Amino acid sequence: MADLSIDFAGVKSPNPFWLASAPPTNSAYQINKAFEQGWGGAVWKTIGAPVLNVSSRYGGFDFGDNRLVAINNIELISDRPLEVNLREIAEVKRLWPDRAVVVSAMVESKPEAWHDIVRRIEDTGADAIELNYGCPHGMSERGMGSAVGQVPEYCSMITSWVTEVSSLPVIVKLTPNVANIVPPARAAVAGNADAISLINTINSIVGVDLDNFQIQPNVGGKGSHGGYAGPAVKPIALNMLSAVASDEEVRRAGLPVSGMGGIQTWRDAAEFLLLGATSLQVCTAVMHYGFRIIEDLTDGLSNWLDEKGIARVTDVIGASIARISDFGDLDLAYKTVARIDPDLCISCNLCYIACDEGAHQSIDLLVDGVRVEPHEYNGNGHRRPVVAEDRCVGCNLCSLVCPVEECITMVEVPSGRESVTWKELSRRQPEVTEDWQAMQEYRNRVGIDIH
Ligand SMILES: Cc1cc2nc3c(=O)[nH]c(=O)nc-3n(C[C@H](O)[C@H](O)[C@H](O)COP(=O)(O)O)c2cc1C
Ligand code: SF4
Ligand code: SF4
């Protein structure tokens, strides 16, 4: 069985799965229960400034039959008294010396306030501190949360207030509510952070009730923008993770990254690891299904590693990063076309419509080998979709809409052209990238036909 243990900026845990700072880590009762079921660590629900929460505070985003594809929240940090949280953190750490107990904090943007909370967290015996620069609602209006995370200068300033006094590893948790995640990550490096975590929640309005026009969630007739999380945010989280994990400055400084945002299955977890996450945090999936999902997460990850003959989870961290490329470095001569397996096809025609109306008119419908126009054909013959490979641009759309698994596959075919990237082309023949006439001549010469 693969070794799932990790060492994250000096914080050790028996597996990479930590509960993210959120409602499931509100109390000692919950974290004790989670650790009993096998969670490797927990980031305590953010403690710090005094707050009052509203009711209601969550909105659900359902898609088709799938409940809670994402959750939206207008919850603030912990509303339990600071003393109670600190006492329970100390209790949990005493009971679970082998698990990662990280304390998330957020206080007023003043050095004294941060120095004080750091000292109090250190006194609990916790393993690390996570700085919450993420809350996009409620706290940001008070100059905390994403009001810090969105300004790199504030990120480095507050991080250095913490690192100048902290004896514990300091993790900076970034907000995704920025145009570019790299500057705040570099600011964390400049502030001497020991690690980065991402993503916190994304600004959102989850819905409007069509009966009464209320914003969701509804607080006495009013609503507010909130933070979005859960499976629907995974692609955004993966992109931000890869941007940070592959950044030169972050790599040179050797900061590990804790990845989160939409992790629900071991497959999600594996993708986060491959794109550079050293530890993994989970919130929405636990709010939906409870702590028991840890069994599937650890078993699935461990089986996948065993099947691949990989002995330690740490061996896959970042293994896909080298495959991330600028558009300008992609091979323009690489070619794929769609191929339909007639034995699997159920003649639903979705691929035909998608290609005809949403792509490049490269699928023909044949009845007894003869091409028909579907809106003109009234017969009962079996309409078989066939890809005209010479017209197919290999966009993938038909394979994405086809309801039958493996029915449409994208097949690599020789393009007959020499490999060239956009960057090489612009260097060798700049006129081609600047002038449509020159571009047309280039296409004619190398045999690129666009219809
Ligand atoms: C209801 C709710 C409350 C949250 N509270 C906090 C918090 O107090 N501190 C924090 O750093 N992140 C908080 N988060 C963000 C999560 O820690 C996590 O970054 C985010 O939910 C993405 O992970 P997920 O997709 O697994 O939920 C909260 C998220 C939710 C849904
Ligand atoms: S890959 Fe794109 S262009 Fe080719 S058949 Fe499918 S939808 Fe049409
Ligand atoms: S979408 Fe798939 S199943 Fe439907 S007609 Fe096309 S190939 Fe056949």
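For the structure, see preceding data.
Quick caveat: nothing in here was measured; it's all calculated off a predicted structure.

Novice: Before we move on, could you go through the nonpolar core and cite the residues and values that matter?
Specialist: Core analysis: the largest hydrophobic core is formed by 91 residues, its most contacted members being Trp18, Trp39, Trp114, Ile121, Ile196, Leu198 and Leu301. Ranked by residues supplied to this core, first place goes to helix α11 (residues 293–307) with six residues. Counting residues in hydrophobic clusters, the runner-up holds 18 residues, among them Val367, Val372, Cys407 and Ile408.

Novice: Could you give me a rundown of the environment of histidine 137, with the residues and numbers involved?
Specialist: Residue placement: histidine 137 occurs in the loop between β8 (128–132) and α4 (146–149). Relative accessible area serves as the criterion here: at 4%, histidine 137 is assigned to the buried category. On a C-alpha basis, the gap between histidine 137 and histidine 225 in space is 6.8 Å, while along the polypeptide they are 88 residues apart. A distance of 3.4 Å separates a polar side-chain atom of histidine 137 from the backbone oxygen of asparagine 73.

Novice: Account for the packing of aromatic side chains, naming residues and giving values.
Specialist: In total, this model carries four aromatic pairs according to the counting rule given. Look at phenylalanine 35 and tryptophan 96: their rings are 5.5 Å apart centre to centre, the planes differ by 75°, and that puts the pair in the edge-to-face class. Separated by 61 residues along the polypeptide, phenylalanine 35 in helix α1 (residues 28–37) and tryptophan 96 in the loop between α2 (82–95) and β7 (100–106) bring together distant segments of the chain. Neither phenylalanine 35 nor tryptophan 96 differs from the other in exposure class; each is buried. For the ring pair tryptophan 266 and tryptophan 304, a centre distance of 6.3 Å and an interplane angle of 40° mean the geometry is tilted. Separated by 38 residues along the polypeptide, tryptophan 266 in helix α9 (residues 266–274) and tryptophan 304 in helix α11 bring together distant segments of the chain.

Novice: Give me the pairing of strand β14 (residues 226–229): which residues, what numbers.
Specialist: Across three bridges, strand β6 (residues 66–73) lies against β14 in antiparallel orientation. The partner of asparagine 72 across the bridge, within β14, is tyrosine 228.

Novice: Lay out the site of ligand 2 in plain terms, naming residues and giving numbers.
Specialist: Contacts to ligand 2 come from 13 residues, most closely from Cys355, Cys392, Cys395, Asn396 and Cys398. Looking at the shell around ligand 2 residue by residue, the class counts come to 10 nonpolar, three polar and no charged.

Novice: Summarise the site of ligand 1; cite the residues concerned and give the values.
Specialist: Neighbouring residues of ligand 1: 24 residues in total, closest Ser21, Thr46, Lys173, Gly262 and Thr284. Note that an oxygen atom of ligand 1 is positioned 2.9 Å from one of the side-chain N or O atoms of lysine 45. At a separation of 2.5 Å, an oxygen atom of ligand 1 approaches a polar side-chain atom of threonine 284. Taken by itself ligand 1 offers 610 Å² of open surface, and the protein chains cover 99% of this. Taken together, the residues of the shell around ligand 1 sort by class into 11 nonpolar, 10 polar and three charged.

Novice: Can you break down α1 residue by residue, with the values?
Specialist: Along α1, the positions that sit buried rather than exposed are Ala28, Gln30, Ile31, Asn32, Ala34 and Phe35. Buried positions along α1 lie against β3 (17–19), β4 (41–48), α2 and β7. Glycine 38 sits one or two positions beyond α1 and adopts a positive phi of about 115°.

Novice: Before we move on, could you go through the pattern of salt bridges and cite the residues and values that matter?
Specialist: All told, the structure shown has 23 salt bridges when counted by the stated rule. Taking the shortest distance from any N to any O, the salt bridge between glutamate 75 and lysine 45 comes out at 2.6 Å. Taken together, the residues glutamate 75 in the loop between β6 and α2 and lysine 45 in strand β4 connect sequence positions 30 residues apart. Judged by its relative accessible area of 7%, glutamate 75 is buried. Residue classification places lysine 45 among the buried positions, given a relative accessible area of 8%. In this structure, arginine 391 engages aspartate 364 in a salt bridge whose closest nitrogen and oxygen atoms are separated by 3.0 Å. Of this pair, arginine 391 sits in the loop between β20 (383–387) and α13 (397–401) while aspartate 364 sits in strand β18 (residues 363–367), placing them 27 residues apart in sequence.

Reading the values: the criteria
- Residues numbered from 1 in each chain as written.
- Chains lettered and ligands numbered in written order.
- Predicted model: local features only at pLDDT ≥ 70, side-chain atom pairs only at ≥ 80, totals over all residues.
- Heavy atoms only, no water.
- Core = buried A, V, L, I, M, F, W, Y, C linked by side-chain atoms within 4.5 Å.
- Buried < 20%, exposed > 50% of the residue type's maximum accessible area, 1.4 Å probe, protein only.
- Helix = DSSP H or I, 4+ residues; strand = E, 2+ residues; numbered from the N terminus.
- Polar contact = N/O pair within 3.5 Å; in protein donor to acceptor, adjacent residues only side chain to side chain.
- Phe/Tyr/Trp six-rings, centres within 6.5 Å; stacked < 30°, edge-to-face > 60°.
- Pairing = 2+ DSSP bridges.
- Near = heavy atom within 4 Å.
- Nonpolar A, V, L, I, M, F, W, Y, C, P; charged D, E, K, R; others polar.
- Areas by Shrake-Rupley, 256 points an atom, 1.4 Å probe, with all protein chains shown as cover.
- Contact = heavy atoms within 4.5 Å.
- Salt bridge = Lys/Arg side-chain N within 4 Å of Asp/Glu carboxyl O.

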